[in-house]
Amino acid sequence: MRGSGKKSWLEARFFAVMGVQQTMSPIAKFMLRIPVGLSFLAAMLFVSAGTLRFWQGWALMALFFGWVLAAVYLFKRDPQLLAGRLEIREKRQEQRRFMSLALPGIGLVFVIAGLDHRFGWSARLLWPVPLWLMVVSLALVGGSFAWISWAMKVNSFASRTIHVMPGQSVVTNGPYRLVRHPMYLGAAVMVFCFALALGSLVALPTSVLLVPLWVLRLLDEEELLRQELPGYTEYCQRTPFRLIPLIW
């Protein structure tokens, strides 16, 4: 009977929270997710590191916080963009597979880098990451956030999940003049640089292995857009490079 009472209390709390979220504005829902997401990232870094004396981790978290502020600014100006970024359930099975690997993979990079900071694996087994390389990698992460923000600013249809929205049109301005998938370019550079920004060569292979997931994700998205988005095939002909200008 005590277990039954506890279950009822938990269920009541769950539905109460869900009810609150349903009555919240979209920007309030996004703001509610911020401390949860940042706290989770910080926990993976600093708990695995076993210390708060991890300046690379603090620098990376500051970049994440800066991107959140930029996102709030963009979302307030563009409610349609906010609505798309709040979506979390992928409709395509292929995309669910990609994200089921990508998100834990990013977490694994953070955990390995934190453990590397605690036990000094890179310095003892390989060689220490030089300060200049960590600074350059942090700058590239910050640049990736700025690049992604630029793409979101010009593309109100930049949904978090892969589907064609009602009334969606092909976006050809801003970074979309250079490559067809600028947000994936920013994400690929970012995840590649995470390990080096955190001073870990041991975590670098995991960072590198994440990049092909974004490539597979964009190829699947292109297949959908060619089939369902009017004008996208013509856009592909005018903008031949998917991810890297002048290369691919």
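Everything here concerns the structure above.
Presented here is an overview of the structure given in this document. (Residues numbered from 1 in each chain as written. Predicted model: local features only at pLDDT ≥ 70, side-chain atom pairs only at ≥ 80, totals over all residues. Heavy atoms only, no water.)

Comments concerning the pattern of salt bridges
1) Next: Counted under the stated rule, the structure contains 4 salt bridges.
2) Next: The closest approach of N and O atoms between R242 and E222, which form a salt bridge, is 3.0 Å. Residue R242 is found in the segment after α10 (232-238), and its partner E222 is found in helix α9 (residues 204-228); the two are separated by 20 residues along the sequence.
3) Next: For R242, a relative accessible area of 23% corresponds to the partly exposed category.
4) Next: Note on E222: relative accessible area 3%, which makes it buried.
5) Next: In this structure, a network of salt bridges that share partners links the residues R180, E222 and R242. (Salt bridge = Lys/Arg side-chain N within 4 Å of Asp/Glu carboxyl O. Helix = DSSP H or I, 4+ residues; strand = E, 2+ residues; numbered from the N terminus. Buried < 20%, exposed > 50% of the residue type's maximum accessible area, 1.4 Å probe, protein only.)

Some thoughts on the nonpolar core
1) Next: F30, L60, F64, F110, M152 and F194 are the most contacted members of the largest nonpolar core, which has 69 residues in total.
2) Next: Elements supplying a minimum of two residues to this core: α2 (26-49), α3 (55-77), α4 (79-86), α5 (93-119), α7 (131-154), α8 (182-197), α9 and α10.
3) Next: Take this core: its biggest share by element is 11 residues, from α8.
4) Next: When residues no more than four places from it in sequence are discounted, the contact partners of F64 are L38, L41, F110, F145 and F194. (Core = buried A, V, L, I, M, F, W, Y, C linked by side-chain atoms within 4.5 Å. Contact = heavy atoms within 4.5 Å.)

Let's talk about the packing of α2 against α5
1) Next: Where α2 contacts α5, the two axes come as close as 6 Å, and the packing angle between them is 30°. Considering their axes alone, α2 and α5 lie roughly parallel with respect to each other. Along this stretch, α2 crosses α5, giving a crossing that reads as right-handed. Mapping the contact onto sequence places L41, M44, L45, V47, S48 and A49 in α2 and G107, F110, V111, G114, L115, H117 and R118 in α5.
2) Next: Grouping the constituent residues of the contact of α2 with α5 by class yields 8 nonpolar, 4 polar and 1 charged. (Axes fitted to C-alpha atoms, helices over the stretch in contact; angles between N-to-C directions. Parallel < 35°, antiparallel > 145°, perpendicular 65-115°, else oblique. Left-handed = near helix turned anticlockwise from the far one by under 90°. Nonpolar A, V, L, I, M, F, W, Y, C, P; charged D, E, K, R; others polar.)

These values are about where atoms sit, not about what they do.
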